[in-house]
Amino acid sequence: MEYAYLAAGIVFGLGAFGAGIGNGLIFSKTVEGISRQPELRGALTATAFIGVGLVEAMPIISLVLAFMWAR
Amino acid sequence: MDHLAPILNLGGFRLDLSALFMIVLSSVLVFVLARLAVRNLSVENPGKLQNFLEWVVDFVKGIIGQTMDYKKGAPYLALGVTLIMYIFVSNMLGLPFGVVSEAHDAEHATFLGMQLFVEGNPEHLAFTWWKSPTADASMTMALALIVIVLSHVQGLRKNTKHYLKHYTHNPNIVFFPLHLIEIVSKPLTLGLRLFGNIFAGEVMIGVILGMGFIGIPAMMLWLGFSIFVGAIQSFVFTMLTMVYISQAIVHEEDH
């Protein structure tokens, strides 16, 4: 039975869900921090993108797995 | 179309030739870049490359200063500069173009007379010879293992008592299984994060290429995003390196 495509879809779908929520939390706190102290905009944005690089690690690994299974 | 990697089968040990060539190429490129930047060093009148390298060294000094006291972390400045320059150049290498060779079937797939390894017997084979070295999982896991083994060894050498107490007394022996999991997951996530980002970027480049002319604006956007992701991932790798090393060697203040 062709469960490989279904597995790839589920794995990456859940990974994208987690990535969306994680990035949304990061950027909501960043926008709140910028609104409190507008002069720290550069530092806060840089830290936000570093956080995105860390949060997206697991969803990217799930993407690689999905590519491996859906060949 | 599925592009295969040109793998040589040396008695069971499978060597990926394209990864080998690209690793050598990126090493040579970073070495040439660094050597050109330190020619004719001058304090009053720095050239552009010297300025750029000074900026990189300052940047890594800032990263080390964020995670540990800079006097303890000064020996790791060379490691940090090497990591960030090497990973950044490696991430950028796979973006401009690709080199693909074709073979009729599995028997004609040779390189300088040596047979390339192909599973099964598909009809039309295509091998890619140019890719980012960091798009190969073995390369990124090797980098992660170097860094993690370094942190363990330095922790054992410099900070032996506190480093070993950190596993059982942090804050209770109940947490010991979590520390065991941490020993496994740190190198895994460090290496796979870099591999996944760059490899997924290259697969997406291949997908957009298959879209034809409509994909030209999509390709411009995706290449720009890939440059951004490559820079961010090199920075994240270097910063996590310094964080793990500081966790291993700077323990006196906690206890």
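Residues numbered from 1 in each chain as written. Chains lettered and ligands numbered in written order. Predicted model: local features only at pLDDT ≥ 70, side-chain atom pairs only at ≥ 80, totals over all residues. Heavy atoms only, no water.

A. Quick look at the overall build of chain B. Assigned secondary structure in chain B consists of eight helices and six strands. Listed by position from the N terminus, the elements making up chain B come as β-β-α-α-α-α-β-β-β-β-α-α-α-α. Once the C-alpha set of chain B is aligned to its principal axes, its extents read approximately 65 × 55 × 40 Å. Buried residues in chain B amount to 41% of all 255 residues. Considering only contacts in chain B between residues 6 or more positions apart, those separated by 24 or more positions represent 72%. Looking at charge distribution, chain B has the averaged site of its 14 positive side-chain charges lying 15 Å from that of its 17 negative ones. (Helix = DSSP H or I, 4+ residues; strand = E, 2+ residues; numbered from the N terminus. Buried < 20%, exposed > 50% of the residue type's maximum accessible area, 1.4 Å probe, protein only. Contact = heavy atoms within 4.5 Å. Lys, Arg positive; Asp, Glu negative; His and termini not counted. Charge placed at Lys NZ, Arg CZ, Asp CG, Glu CD.)

B. Fine view of the environment of Phe-127 of chain B. Residue and element names in this part refer to chain B. Within the element layout of this structure, Phe-127 appears in strand S6 (residues 125-128). Overall, Phe-127 belongs to the buried group, its relative accessible area being 1%. Sequence separation of Phe-127 and Leu-15 is 112 residues, and the distance between their C-alpha atoms is 14 Å.

C. Main features of the pattern of salt bridges. All names here are of chain B. Inspection of the entire model under this criterion finds three salt bridges over all chains. Salt-bridge contacts for Asp-16 lead to Lys-131; the nearest nitrogen and oxygen are separated by 3.2 Å. Taken together, the residues Asp-16 in strand S2 (residues 13-16) and Lys-131 in the loop between S6 and helix H5 (137-158) connect sequence positions 115 residues apart. Classification of Lys-131 as buried rests on a relative accessible area of 12%. One salt bridge connects Asp-136 with Lys-131, and the closest N-O pair in it is separated by 3.7 Å. As far as burial versus exposure is concerned, Asp-136 and Lys-131 are alike and both buried. Through salt bridges with shared partners, a single ionic network connects Asp-16, Lys-131 and Asp-136. (Salt bridge = Lys/Arg side-chain N within 4 Å of Asp/Glu carboxyl O.)

D. The arrangement of the interface of chain B and chain A in detail. Tallying the contact residues gives 16 residues for chain B and 11 residues for chain A. Summed over both sides, the interface of chain B with chain A buries roughly 1,200 Å², with 84% coming from carbon and sulfur. Our enumeration of links across chain B and chain A arrives at zero salt bridges. If you look at where chain B meets chain A, you find zero residue pairs in polar contact (both at pLDDT 80 or more). Sort the elements by how many residues they give to the side of chain B that touches chain A and helix H7 (residues 176-209) of chain B lands first, with eight residues. (Buried area = accessible area lost by both parts, 1.4 Å probe. Polar contact = N/O pair within 3.5 Å; in protein donor to acceptor, adjacent residues only side chain to side chain.)

E. Up close: the nonpolar core. Residue and element names in this part refer to chain B. One finds Val-60, Met-68, Met-85, Leu-190, Phe-237 and Ile-249 to be the most contacted residues of the largest nonpolar core, which totals 41 residues. Mapped onto this core, the elements with two or more residues apiece are helix H1 (17-37), helix H2 (48-67), helix H4 (77-93), H5, helix H6 (160-168), H7 and helix H8 (215-249). It is H8 that contributes the most residues to this core, 11 residues altogether. Those residues in contact with Met-68 that lie beyond four places of it in its chain are Gly-73, Tyr-76, Met-242, Ile-245, Ser-246, Ile-249 and Val-250. The next biggest cluster of nonpolar side chains, apart from the first, holds seven residues, and it includes Leu-17, Ala-103, Phe-127 and Trp-129. (Core = buried A, V, L, I, M, F, W, Y, C linked by side-chain atoms within 4.5 Å.)

F. Structural detail: the packing of helix H1 (residues 4-36) of chain A against helix H2 (residues 41-55) of chain A. Residue and element names in this part refer to chain A. Relative orientation of the contacting elements H1 and H2 amounts to 170 degrees, with a least axis distance of 10 Å. Taken together, the axes of H1 and H2 are roughly antiparallel relative to one another. On H2, the residues that touch Gly-22, Asn-23, Ile-26, Phe-27, Thr-30, Gly-33 and Ile-34 of H1 are Arg-41, Leu-44, Thr-45, Ala-48, Phe-49, Gly-51, Val-52 and Val-55. Each residue belonging to the contact of H1 with H2 can be placed in one class, and the counts come to eight nonpolar, six polar and one charged. (Axes fitted to C-alpha atoms, helices over the stretch in contact; angles between N-to-C directions. Parallel < 35°, antiparallel > 145°, perpendicular 65-115°, else oblique. Nonpolar A, V, L, I, M, F, W, Y, C, P; charged D, E, K, R; others polar.)

G. Here's a closer look at the confidence of the model for chain B. Residue and element names in this part refer to chain B. For chain B, the mean per-residue pLDDT works out to 86, and 90% of the residues sit at or above 70. Averaged pLDDT values for the elements of chain B fall to 68 in strand S5 (residues 114-115) and rise to 95 in H4. Reported confidences for the modelled complex are a pTM of 0.88 and an ipTM of 0.81. (pLDDT = per-residue confidence, 0-100.)

H. Representation of H6 of chain B in the model. Residues and elements named next belong to chain B. Taken residue by residue, H6 has His-162, Tyr-163, His-166 and Tyr-167 as its buried positions. Summarising the axial view, the buried residues of H6 lie within an arc of 145 degrees, below the 170-degree limit, and thus occupy one face. Of the surrounding elements, those touching the buried residues of H6 are H5, H7 and H8. (Arc of directions from axis to C-beta.)

I. Structural detail: the confidence of the model for chain A. In this model, chain A carries an average pLDDT of 90, and 99% of its residues clear a pLDDT of 70 or more. Confidence, expressed as mean pLDDT per element, reaches its minimum in chain A at H2 of chain A with 87 and its maximum at H1 of chain A with 94.

J. Here's a closer look at the environment of Gly-65 of chain B. Along the chain, the position of Gly-65 of chain B falls in helix H2. Along the sequence, Gly-65 of chain B and Met-242 of chain B sit 177 residues apart, while their C-alpha atoms lie 9.4 Å from each other.

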